[in-house]
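# Secondary and tertiary structure notes
Each chain, written out:
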Amino acid sequence: MALKCFILENAPEQEVRHETVQKAVQEYLNDETVQVVYSEKGAPSLQGCEPPKFLSVTTTGDKMLVVLQDTPVGIDGEYLPRCEKSKADFLLMAERFFSGEETEYVRDGASIGEEKLRFLKVWTRKEAYVKCVGKTLADFPSFSVVENGKLLSRLGAVAICKFSIAFDGSENYLFAIAGI
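Note that the structure is predicted; figures quoted are calculated from it, not measured. (Residues numbered from 1 in each chain as written. Predicted model: local features only at pLDDT ≥ 70, side-chain atom pairs only at ≥ 80, totals over all residues. Heavy atoms only, no water.)

It is worth spelling out the environment of Val 37 at this point. Along the chain, Val 37 falls in strand S2 (residues 35–38). Note on Val 37: relative accessible area 26%, which makes it partly exposed. Residue contacts for Val 37: discarding those within four places in its chain leaves Ala 43, Pro 44, Ser 45 and Gln 47. (Helix = DSSP H or I, 4+ residues; strand = E, 2+ residues; numbered from the N terminus. Buried < 20%, exposed > 50% of the residue type's maximum accessible area, 1.4 Å probe, protein only. Contact = heavy atoms within 4.5 Å.)

Here it is, written out as structure tokens:
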């Protein structure tokens, strides 16, 4: 199965998001017995799907992207206008959550705006990677998606890249995907 991506409306209520994902997956697979379930850490997976399929979800802004494929996959995204208005210290967050090389990559941004964008590029790639391999935010400092001042396209057997998809307003979003 090739990668399937659903672009859905985000909702503030977790129950509504769950129902939306459940319905989209069941309709696509044409199987109402397939259930979306969540681990203790909140990672979604499919139950009752043969052969097994892998699922990842990201919610940001008013969009929810859901990806589905035969091999492990992770997706993450950020709504850029929210981040542009943020008064958060992105360099300080990089120092807390990122490796030294990733922090240097963020610091090398020519302006505050570039620093934020570099932070988001690293963050979305790290988040997509941990979703793909079953790790968590706590694992962020243990690996780097930057080498020699450049974003990596692969971490071991896992490919990581920017994920571009067209929808109304897509220019306001930054997505990254990781998969085996």
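Moving on to the sheet that holds strand S10 (residues 158–162). The strand order across the open sheet formed by four strands is S6-S11-S10-S9, and the pairing between neighbours is antiparallel. Every other strand in the sheet has two partners, leaving strand S6 (73–79) and strand S9 (154–155) as the edge strands with one partner each. Sheet topology places S9 next to S10; two bridges connect them, and they run antiparallel. Paired with Leu 155 across the bridge in S10 is Val 158. Those strands touched by helix H5 (residues 112–133) are S6, S9, S10 and strand S11 (173–179), and its axis lies near 150° from that of S6. (Pairing = 2+ DSSP bridges. Axes fitted to C-alpha atoms, helices over the stretch in contact; angles between N-to-C directions.)

Take the packing of aromatic side chains next. Two numbers describe a pair of aromatic rings. These are the distance of the centres and the angle of the planes. Using the criterion set out here, one finds 13 aromatic pairs in the structure. A ring pair is formed by Phe 90 and Phe 119, whose centres lie 5.0 Å apart and whose planes are at 70°; its orientation type is edge-to-face. Of the two residues, Phe 90 is situated in helix H3 (residues 90–97) and Phe 119 in helix H5; the sequence distance between them amounts to 29 residues. In this structure Phe 90 comes out as buried when scored by relative accessible area, which is 5%. Look at Phe 119 and you get buried, because its relative accessible area is 3%. When the ring of Phe 98 is compared with that of Phe 119, the centres are 5.0 Å apart and the planes differ by 25°; the resulting orientation is stacked. Here Phe 98, found in the loop between H3 and helix H4 (100–107), pairs with Phe 119, found in helix H5; they are 21 residues apart in sequence, far enough to count as distant. Among the aromatic residues, those joined into a cluster by ring pairs are Phe 90, Phe 97, Phe 98, Phe 119, Trp 123, Tyr 129, Phe 140 and Phe 143. The positively charged end of Lys 126 is found above the aromatic ring belonging to Phe 140, 5.4 Å away from the centroid. (Phe/Tyr/Trp six-rings, centres within 6.5 Å; stacked < 30°, edge-to-face > 60°. Lys NZ or Arg CZ within 6 Å of the ring centre and 35° of its normal.)

What follows deals with the nonpolar core. One finds Phe 98, Phe 119, Leu 120, Tyr 129, Phe 140, Phe 143 and Ile 160 to be the most contacted residues of the largest nonpolar core, which totals 28 residues. Looking at this core, the elements that each hand over two or more residues are helix H2 (80–85), H3, H4, H5, S10 and S11. Considering every element that reaches this core, the biggest residue donor is H5, with eight residues. Excluding residues within four positions of it along the chain, Phe 119 makes contact with Phe 90, Met 93, Ala 94, Phe 98 and Val 106. (Core = buried A, V, L, I, M, F, W, Y, C linked by side-chain atoms within 4.5 Å.)

In short, the description is geometric, and any link to function would need to be established separately.
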